[in-house]
Protein chains: 2
Amino acid sequence: MLALDAKAQDLLFLDGHTASSFKPDPVSDEQIAEIWELIRWAPTGGNASPGRLLLVRSPEARERLVAHMGESNRAKTLAAPLTVVLAADTRYHELWPKIEPGREEAAKRLEDDPPARERLAMLSGTLVTAYFLIGVRAAGLAAGPMGGFDRAGVDGEFFPDGRWRSILVVNVGVPDEGSYKQRSARLGFEDVARVV
Amino acid sequence: MLALDAKAQDLLFLDGHTASSFKPDPVSDEQIAEIWELIRWAPTGGNASPGRLLLVRSPEARERLVAHMGESNRAKTLAAPLTVVLAADTRYHELWPKIEPGREEAAKRLEDDPPARERLAMLSGTLVTAYFLIGVRAAGLAAGPMGGFDRAGVDGEFFPDGRWRSILVVNVGVPDEGSYKQRSARLGFEDVARVV
């Protein structure tokens, strides 16, 4: 019944796997930009647009990153062609004039309510994180998302002004033969849904 | 350069729009189940699988829901063919035996650390919320996601045992002619990305 064709279903969902090791093929900034050009059209709260990407490319930056990651995530992150830290910009409203003029009043309300502003940043920034994982697959690449890191440590290291906040660290590349573990099962609709 | 074909890019991202009003065509539980069968394969943290769906279908339940929603979201929610509350199950580890045997120790650690368990539930539950928005489009339908509601109110109304927590309320249906506002611009890659 789905409108999405079978090949796209396979690419994005049914055959997509989390990858833990990659072929040496590089992943360019241009490839990540192309993923962004696609996923940026998916919704955020009131088009708040807080999603941000830190491309951790240099060996030196990679070492700074893994110092704040769990032991089991370090070697694969150092070896990945590219690592992207998905983040939320807590001052997203400052960029609104670029995308939607005439929202000065809404921006002012958010400026004066940091808790509400930061909640929306994390909520919509996390939606963008999921769109990015789908977008990596849309580009024919595989993603290795990792939540096992010290958020305060990564934020202090890369976002010392406190404006961006890390959400997920994602390795990106072309998966190699040994990368895929056998995929675990998933919950059925009857496990996750209720009707009222 | 993308591997995803142009038609699928259009369906999921480039032509997809947030919808605020819908044709009377019903949306069945079976359609939502089919969306779930697709999106359940996308990643959650360690396959934690906390994403849940409350299908708010009956007029009575719809009234109970909109009582906790912002004024501007009420009429369109009452009129939508179906409204789904995306939620996170904070006791997701209890369902792990269904999907991945042998994780008793990890489940025990989470049982004893409610803050860590709830953080992961909300993070991965929000990823699933984004997958659902993409999945609605994959089914040829349109989604109207809304963050403007009283979370504590909705949770108290529908999840009184405190186990599920609401994330986003989403109207689902076939959009009507007047549904789409002209889409606002989006930030460019140069606005959102840094390379280190």
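Our structure's up above, just so we're on the same page.
Analysis parameters
- Residues numbered from 1 in each chain as written.
- Chains lettered and ligands numbered in written order.
- Predicted model: local features only at pLDDT ≥ 70, side-chain atom pairs only at ≥ 80, totals over all residues.
- Heavy atoms only, no water.
- Buried < 20%, exposed > 50% of the residue type's maximum accessible area, 1.4 Å probe, protein only.
- Helix = DSSP H or I, 4+ residues; strand = E, 2+ residues; numbered from the N terminus.
- Polar contact = N/O pair within 3.5 Å; in protein donor to acceptor, adjacent residues only side chain to side chain.
- Pairing = 2+ DSSP bridges.
- Axes fitted to C-alpha atoms, helices over the stretch in contact; angles between N-to-C directions.
- Contact = heavy atoms within 4.5 Å.
- Least-squares fit on C-alpha atoms with pLDDT ≥ 70 in both.
- Buried area = accessible area lost by both parts, 1.4 Å probe.
- Salt bridge = Lys/Arg side-chain N within 4 Å of Asp/Glu carboxyl O.
- 1 Å grid on protein atoms, 1.4 Å probe; cavity = no way out; pocket = protein on both sides within 12 Å on 5 of 7 lines; lining within 4 Å.
- Points joined across faces, edges and corners; volume = space filled by probe spheres on them.
- Nonpolar A, V, L, I, M, F, W, Y, C, P; charged D, E, K, R; others polar.

Right, let's get into helix α8 (residues 151-158) of chain A. Residues that lie three or four places apart on an α-helix share one face, since the helix turns once every 3.6 residues. Along α8(A), the residues classified as buried are Gly153(A), Val154(A), Asp155(A) and Phe158(A). Two or three places before Ala152(A), at the start of α8(A), stands the capping residue Asp150(A), its side-chain oxygen 3.2 Å from that residue's backbone nitrogen.

Moving on, we get to the sheet that holds strand β2 (residues 82-89) of chain A. Taken in spatial order, the 5 strands make up an open sheet running β3(A)-β4(A)-β2(A)-β1(A)-β5(B), and their pairing is mixed. Only two strands of the sheet have a single neighbouring strand rather than two, namely β3 (142-146) of chain A together with β5 (193-195) of chain B. Averaged over neighbouring strand pairs, the angle between their axes works out to 25° when direction is ignored. By the bridge criterion, 6 bridges tie strand β1 (residues 51-56) of chain A to β2(A) in an arrangement that is antiparallel. Within the sheet, the bridge partner assigned to Arg52(A) lies in β2(A) and is Ala87(A). Relative to β2(A), helix α3 (residues 59-66) of chain A is tilted by about 60°, and along the sheet it contacts β1, β2 and β4 (164-173) of chain A. Where α8(A) meets the sheet, it contacts β1, β2 and β4 of chain A together with β5 of chain B, and its direction lies at approximately 90° from that of β4(A).

Attention shifts here to the sheet that holds strand β1 (residues 51-56) of chain B. Backbone hydrogen bonds are what pair the strands of a sheet, in a parallel or an antiparallel way. Pairing is mixed in the open sheet, where 5 strands are placed in the order β5(A)-β1(B)-β2(B)-β4(B)-β3(B). Among the strands making up the open sheet, the edge pair consists of β5 (193-195) of chain A together with β3 (142-146) of chain B. Between one strand axis and the next, the sheet turns by 25° as a mean value, whatever way the strands run. With 8 bridges joining them, strand β2 (residues 82-89) of chain B and strand β4 (residues 164-173) of chain B adopt antiparallel strand pairing. By the bridge assignment, Thr83(B) is partnered in β4(B) with Asn171(B). Packed onto the sheet, helix α7 (residues 114-138) of chain B meets β1, β2, β3 and β4 of chain B and runs at close to 5° relative to β4(B).

Right, let's talk about the side chain of Thr83(A) for a bit. Residue and element names in this part refer to chain A. Tracing the chain through its elements places Thr-83 in strand β2. Separated by 3.3 Å, the side chains of Thr-83 and Arg-62 make a polar contact. Of note is the side chain of Thr-83, whose polar atom sits 2.7 Å from the side chain of Asn-171. Contact partners of Thr-83, with chain neighbours within four places excluded, come to Leu-54, Leu-55, Val-56, Arg-62, Leu-65, Thr-77, Val-169, Val-170 and Asn-171.

On to the relation of the copies chain B and chain A, then. Screw-axis analysis of chain B against chain A gives a translation of 0.0 Å along the axis, an RMSD of 0.0 Å, and a rotation angle of 180°. What we have between these two chains is a two-fold relation. Comparing contact sets, 100% of the residues at the interface of chain B also lie at the interface in chain A, consistent with an isologous, same-surface contact.

Attention shifts here to the interface of chain B and chain A. Contacts between the two partners involve 73 residues from chain B, matched on the other side by 73 residues from chain A. Between chain B and chain A, roughly 6900 Å² of surface is buried when both sides are summed, and carbon and sulfur atoms account for 68% of that area. Counting the contacts that link chain B with chain A gives 2 salt bridges. One salt bridge connects Asp191(B) with Lys98(A), and the closest N-O pair in it is separated by 2.6 Å.

Relative to each other, helix α3 (residues 59-66) of chain B and helix α8 (residues 151-158) of chain B sit at 145°, their axes nearing to 9 Å. Between α3(B) and α8(B), the contacting residues are Ala61(B), Arg64(B) and Leu65(B) on the first element and Val154(B), Glu157(B) and Phe158(B) on the second.

In this section: unusual backbone geometry. Of all residues except glycine, most have a negative phi; of all peptide bonds, most are trans. Residue and element names in this part refer to chain B. With a phi angle near 55°, Asn-47 is a residue other than glycine that sits in the positive phi range. Summarising the element assignment, Asn-47 is placed in the loop between α2 (29-39) and β1. With a relative accessible area of 9%, Asn-47 lands in the buried category. At Ser-49, a position not held by glycine, the phi torsion is positive, near 60°.

This paragraph deals with empty space enclosed by the protein. Under the criterion given, the structure shown has 2 cavities of 30 Å³ or more. Space inside the largest cavity adds up to approximately 110 Å³. Forming the walls of the largest cavity are 13 residues, and the residues nearest its centre are Trp36(A), Arg40(A), Thr44(A), Ser49(A) and Val128(A). For the lining of the largest cavity, the class distribution of residues is 7 nonpolar, 4 polar and 2 charged. What lines the second largest cavity is a set of 14 residues, among which Trp36(B), Arg40(B), Thr44(B), Ser49(B) and Val128(B) lie closest to the centre. Of all the elements in the fold, those that place two or more residues in the lining of the second largest cavity are α2, β1 and α7 of chain B. Its residues assigned to classes, the lining of the second largest cavity shows 7 nonpolar, 4 polar and 3 charged.

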